Amino acid sequence: MKRTHAMMLAALLAAAWTGESVAAAELPRTLDMKPLRAVIVQADGHYPPLDTVARDVVESVTGDPVYAGHDPVLMLLAWTFDPQSWVDEPLITIGNAELRHELKLPATQSVFSYSQLVGHQPLMNQIDALAHRMSRGKLDPLESKVSKIHEKLNVLHSAFGGYAIVPIPDPKEGGAPWTSIGEMLVAGAPQHQAVRTAWEALRIAFLKDNKAAFAQAAGEFKSALDALPAGYRPSAQRIRTELLSNRLQPFATAWKIMAVGAVLAAVAVFARRKAFDVIAVVALLAGFLALSYGLYLRWQIAGRIPAANMFESLLFLSWGMGAFAIVSMLVVRDRVVPLTASAMGALALFLAVVLPLDSYIRPIPPVLRDTVWMSIHVPVIMVSYSVLALAMLIAHAQMVVMAAAPARRKWISAIDQTHYWYIHVGSILLFAGIATGSMWAASSWGRYWGWDPKEVWSLVALLAYLTIMHVRVDRQVLPGWARAIGSVLLVAVFALIIPKLAPITPLKLAGLVGAAVAVMFFVSVRGEFATALKSVVAFWTIIMTYLGVNYVLGIGLHSYGFGTGAVVHYMMLLGGIDLAFAFVCGGVYLLRREPATARATVGARAAASA
């Protein structure tokens, strides 16, 4: 591995490129990339247009598909046609100061060039150690970050060598690997002569920034590729659909519309004017339609429901909030509904767009794809998460209102009823999602339930919400015998669990104590504030199901994608902040509750006597 990386830069700089070269990191200014965008290429078993691959490659290296405002196809061609001018250009960001210190990189520099990183021995040693790692389990944070840097170097090296563009189809087999530009130039097969000639003309025109010659060469290159026999080519309509999606960026548009809708809905709540209500609802509908159109385009491109990874699940999370809000407005007619739906929907979409999630369409295992249950389970479970997320938001608002204005009983009661309705609907959908998920598991893996971590945490979440609904403030107090039976069952469960956790470490003991306290709190504590607090805690079990299994445990069959490091840190940080917020609201509520109740009683008596 060390030798391979040590030779990478030397081999690149010694590559047999001929003709003129642009100045270092200088891009042509007059060329039109449009004729090349629709060139069909192969990437990860998918057949996208070159425009999509260029975005993927540029974003993988730089973190931005439109690096420094440049056309991604232009950037990819620059790296491919003239790598010598780009090996010393800072393209790869390493923003973590602690990581730079660990790798002995300059502390004051955060963006590095290909040559600088490939020639940096401490990094190469880490990459070499990672390649010879004996254990194939979960990577630690340093290994994960080194692996990502290594991936960026490999992608950039592939672009420099012409291997990132794979446009030459296999003439017979539909699923066979296609041939890249780099392989074509090395092999020199006679049947590819027309493609090679057009590619060389394209390269010369690119380096000379000759607009007319580039347009002519682009047409000849595409015509030469289209003339080659192919075992499979995607339809022209699908390529046009993907180019349209790339150009419109519907998900980025949708979150911005929803964010505007959230602001308008907030104004409507306080202004209490029908005109503001109408505008807020129109904005929510517009954002929902933009999101729905984006999902439709993605479905057409992928040939499957867009619900196979973390990015797509966030899209459905936002879509579920919008869909639920639209249905809810027909039932409850509450100004809070468009406000919560627009705010949370915009947040979910914003996170999908700005977080470093893989937003590109990748193939999924046939065992997961070839079943109708995937298309049923994922939308149902994500809509349930959406509804319960809205309930969690209302629960926070309820805690704030009860702490700040405990005497506003009518207002508190209205929020509590809305909150309970959200929990009721969300719990039903959550159960339906788990049931359809078991059908999917039976279809894919031959069993309905296997105590996989995601299955276990989904069951924990369902039990938490069922407990909230069964221990409502408007229910009668449980008799003593029921409490006794519950306590015995709780002890029995822990008696079965504890031996399986041996040896009991301090961390495991803390977890067991925390679980016991949580169970006792959910079962025993009653009241409107307690219901809101339980809803917040219960939603964190949803977050553990959705994110924690992937990024904290990093194990299981039902995961969208594994990860380490920052996600765990942010989950712990946000969880701690949320818990502290709940404690503060609870403390203020307990301090103000009795005086407020007394004042309300005095006021009622005064009104009665009058």
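Check the entry above for the structure.
Attention in this report is confined to the structure presented alongside it. For every chain, the first residue of the written sequence is number 1, and numbering continues from 1 along that sequence. With pLDDT at 70 or above as the cut-off, local features in this predicted model cover only qualifying residues; side-chain atom pairs require 80 or more to be listed or tallied, and sums for whole chains, interfaces and linings still use all residues. Working from all heavy atoms in the structure, the side-chain values ignore hydrogens and water.

### With respect to the pattern of salt bridges
Rule in force here: By definition, a salt bridge exists where a carboxyl oxygen of Asp or Glu is found within 4 Å of a side-chain nitrogen of Lys or Arg. By definition, any uninterrupted DSSP run of H or I lasting at least four residues is a helix, any uninterrupted run of E lasting at least two residues is a strand, and each is numbered from the N terminus. Buried, partly exposed and exposed residues are distinguished by accessible area as a fraction of the type maximum, computed with a 1.4 Å probe on protein chains only: under 20%, between the cut-offs, and over 50%, respectively.
Counted by the stated rule, this structure contains 12 salt bridges. Two residues, Asp 71 and Arg 37, come together in a salt bridge whose shortest N-O distance is 2.2 Å. With Asp 71 in the loop between helix H3 (50–62) and helix H4 (72–81) and Arg 37 in helix H2 (residues 34–37), this pair connects stretches of sequence that are 34 residues apart. A relative accessible area of 21% means that Asp 71 is categorised as partly exposed. Where Glu 312 meets Arg 298, a salt bridge forms, and the shortest distance between an N and an O atom there is 2.7 Å. Of this pair, Glu 312 sits in helix H15 (residues 310–331) while Arg 298 is found in helix H14 (residues 274–302), placing the two residues 14 residues apart along the sequence. The pair formed by Glu 312 and Arg 298 is uniform in burial state, with each residue classed as buried. Salt bridges here are not isolated pairs; linked through shared partners, they connect Arg 37, Asp 51, Arg 55 and Asp 71.

### As for the nonpolar core
Rules: What is meant by a nonpolar core is a set of buried Ala, Val, Leu, Ile, Met, Phe, Trp, Tyr and Cys residues, joined one to another through side-chain atoms within 4.5 Å.
Counting 75 residues, the largest nonpolar core has Leu 430 and Tyr 465 as its most contacted members. In terms of residues, this core owes the most to one element, helix H18 (residues 372–404), which gives 18 residues. Counting 61 residues, the second-largest nonpolar core is a separate cluster that includes Leu 99, Ile 127, Ile 165 and Ala 218.

### Some points on the environment of Leu 393
Let me state the cut-off plainly: Residue contacts are counted whenever heavy atoms from the two residues lie within 4.5 Å of one another.
Tracing the sequence through the fold places Leu 393 in helix H18. On a C-alpha basis, the gap between Leu 393 and Ala 341 in space is 9.8 Å, while along the polypeptide they are 52 residues apart. Once residues lying within four places of it in the same chain are set aside, the contact partners of Leu 393 are Thr 340 and Met 344.

### Looking at unusual backbone geometry
Positive phi, close to 60°, is recorded for Lys 104, a residue that is not glycine. Classification of Lys 104 as exposed rests on a relative accessible area of 62%. A positive phi is found at Asp 209, a non-glycine position, where the angle reads about 55°. Counting through the fold element by element, Asp 209 comes out in the loop between helix H10 (193–208) and helix H11 (211–226).

### Side note on the packing of aromatic side chains
Our working rule: Working definition: rings of Phe, Tyr and Trp (its six-membered ring) pair if their centres are within 6.5 Å, and the pair is stacked with planes under 30 degrees apart, edge-to-face with planes over 60 apart, and tilted otherwise. In this scheme, Lys NZ or Arg CZ marks a charge over a ring once it lies within 6 Å of the ring centre and within 35 degrees of the ring normal.
A full pass over the atoms with the stated rule returns 19 aromatic pairs. Here Tyr 114 and Phe 160 contribute two aromatic rings whose centre-to-centre distance is 5.3 Å and whose plane-to-plane angle is 80°, an arrangement assigned as edge-to-face. Taken together, the residues Tyr 114 in helix H6 (residues 114–118) and Phe 160 in helix H8 (residues 141–160) connect sequence positions 46 residues apart. Here the two residues Tyr 114 and Phe 160 agree in accessibility, since each one is buried. Here Trp 421 and Tyr 422 contribute two aromatic rings whose centre-to-centre distance is 6.1 Å and whose plane-to-plane angle is 65°, an arrangement assigned as edge-to-face. A network of ring pairs unites the aromatic residues Phe 81, Trp 199, Phe 206, Phe 214 and Phe 221 as a single cluster. The ring of Phe 521 carries the charged tip of Lys 534 above its face, separated from the ring centre by 6.0 Å.

### Some points on H4
Where burial is concerned, most of H4 is hidden: 10 out of the 10 residues are buried. Turning to H4, its buried residues are Pro 72, Val 73, Leu 74, Met 75, Leu 76, Leu 77, Ala 78, Trp 79, Thr 80 and Phe 81. In the core, the buried residues of H4 are packed alongside H2, H3, H8, H10 and H11.

Geometric values such as these leave the question of function open.
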